[in-house]
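Geometric and topological summary
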Amino acid sequence: MLRKGATGKPLTTKETKELGFDYIKSFINYGSPAGMPNWGTFGALSAGDIDLMTRYLLNEPAVPPEFGMKEVRASWKVIVPPDKRPTKKMNDLDIDNLFSVTLRDSGDIALIDGHNYKIQTIIKTGYAVHISRISASGRYLMVIGRDALINMIDLWMKTPQTVASIKIGMEARSVETSKTKGWEDRYAIAGAYWPPQFVIMDGATLEPIKIVSTRGMTVDTQEYHPEPRVAAIVGSHYRPEFVVNVKETGKILLVNYEDVRNLKITSIDAERFLHDGGLDSTGRYFIVAANARNTIGVVDTKEGKLVKLIREDDGVGTTPHPGRGANFVHPKYGPVWATSHLGDETVALIGTDPKGHPEHAWKVVQSLEARGGGSLFVKTHPKSKNLWVDSPLNPEAEIASSVAVFDITQPDKPFEVVPIGEMSGISEGTRRVVQGEYNKAGTEIWFSVWNGKDQESAIVVIDDKTRKLKKVIKDPRLITPTGKFNVYNTREDVY
């Protein structure tokens, strides 16, 4: 909000006035290989929009208002109370193989059946849902929009629908539920970008219980930062804790929810600009990218401590962006976790087995070369031999509309290009291909073909074994589909 920079450079008036009107206008229009979308040539912003945004950036940013318990509670709605909800599943859906698909620009999600590829329902949500998360029981789907609105969706209903909602700030990106044995579905947590805070809620109703500010000192220079945003949040499987990443200060907070009224928080100094991450294959180690510092941090969620910071000198590429990452067994180095990068074409493979392969643990054991920068997600599955790498933010349309796929049994072998955009049959637009997601069985991988709001988009289903086209899902309601989350894989942390 205050434009001090994180993944991108600062955009305070000191910088923007030096760059000047024409430079900023051109930059917004054409984007950059480091991840800035080409808002103008992509068709997302008109010439007038870009002109207005350029002028805005040449003025001092206003400090937006706070959003405390009064405002949070005022936004809270329980549409269907727990005692009015079904006591058993009321539909014939295979919930485990249901996909929650973000329809970014329409402010909806689509629930798509993973067997017949049909849209079961469209649910109104906040704008640009960032992630979907599944409660430990598998019953409730939690989605959060960039506008900080959370929808709690009951998948047991005849037609799944929102049963509770709440707005936890003005801008946000993360939501999670309690996962530890004995605490399943007890609490939910969401983190905001503005105000910089996280909110703990009741897991059945989303009633807000506690708000915790994340403002504080940075881990490096130990100076005060007014806007440390909450990035990725994961639920620990080993302790009744949430792992909360605070981006600008570089702190990883282990938030113990055994006694929410007397909250205990372990603060781990990691590295600034923490962003996305996920668990290793055992679920014990949380691996997160500090993307603007070209660093990967590793936290032991069982012991509650930092294990390692793996840096650029160790082989991490430019601006790692793993999503939740990808876990597989390397034929030479054993279990590894993979991340691609926004800023270069590499895919870093990091050893994750300190007991079986201690000599390779928490090291970049191999760097694969994919198609180009602008990658957002890598994906594999325990039953697959493939590692899929997208590059939707690459400025070259051909690269943005296709994916690279590696054979993980032969990682030295060159990648194959799969032209997902071409397979979609869509001829207009850039056809950005983003975020592969497997079905429960691991036999298919789904990709979004993300076009402009007024252009045709689609979801392309690929047979994972043959790497051939299996199905193209098209529907006028599929407006700018981006993230897709399979219920089973999301709940069980399969990635």
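Residues numbered from 1 in each chain as written. Predicted model: local features only at pLDDT ≥ 70, side-chain atom pairs only at ≥ 80, totals over all residues. Heavy atoms only, no water.

**Quick notes on helix α3 (residues 47-57)**
For α3, every residue scored as buried is listed here: I50, T54 and L57. An end-on view of α3 places all buried positions within 65 degrees of arc, on one side of the element. Contact partners of the buried residues in α3: α1 (13-19) and α2 (21-30). (Buried < 20%, exposed > 50% of the residue type's maximum accessible area, 1.4 Å probe, protein only. Helix = DSSP H or I, 4+ residues; strand = E, 2+ residues; numbered from the N terminus. Arc of directions from axis to C-beta. Contact = heavy atoms within 4.5 Å.)

**Topic: the sheet that holds strand β16 (residues 241-246)**
On the basis of which strands lie adjacent, the open sheet formed by 4 strands has the order β15-β16-β17-β18 and antiparallel pairing. Only two strands of the sheet have a single partner each, and these edge strands are β15 (230-235) and β18 (264-269). Each strand axis lies, on average, 20 degrees off the axis of its neighbour in the sheet, ignoring direction. Two elements, β15 and β16, share 4 bridges in a ladder whose sense is antiparallel. Bridging across to β16, V234 finds its partner in V243. (Pairing = 2+ DSSP bridges. Axes fitted to C-alpha atoms, helices over the stretch in contact; angles between N-to-C directions.)

**Digging into the pairing of strand β21 (residues 295-300)**
Most of β21 is tucked away, with 6 of its 6 residues classed as buried. Here β21 shows two buried faces, one formed by T295, G297 and V299 and the other by I296, V298 and D300. Relative to β21, strand β20 (residues 285-290) runs antiparallel, the two sharing 6 bridges. Of the residues in β21, the one forming a bridge with Y285 is D300. If you look at the hairpin formed by β20 and β21, you'll find 4 residues sitting between the two strands, and N294 has a positive phi there, around 50 degrees. Bridge count for β21 against strand β22 (residues 305-310) is 5 bridges, and the pairing is antiparallel.

**Considerations on the packing of aromatic side chains**
Applying the stated rule across the entire model yields 9 aromatic pairs. Seen in terms of ring centroids, W183 and Y257 are 5.6 Å apart; in terms of plane orientation they differ by 70 degrees. Their pairing is edge-to-face. A residue pair is termed long-range when its members are at least 10 positions apart, and W183 in the loop between β9 (171-177) and β10 (187-194) and Y257 in the loop between β17 (251-256) and β18 qualify at 74 residues. Taken individually, W183 and Y257 each receive the classification buried, so the pair is uniform in this respect. Grouped by ring-pair contacts, the aromatic residues W183, Y187, F242 and Y257 constitute a single cluster. Here the guanidinium or amino end of R215 rests over the ring plane of W194, the centre of that ring lying 5.4 Å away. (Phe/Tyr/Trp six-rings, centres within 6.5 Å; stacked < 30°, edge-to-face > 60°. Lys NZ or Arg CZ within 6 Å of the ring centre and 35° of its normal.)

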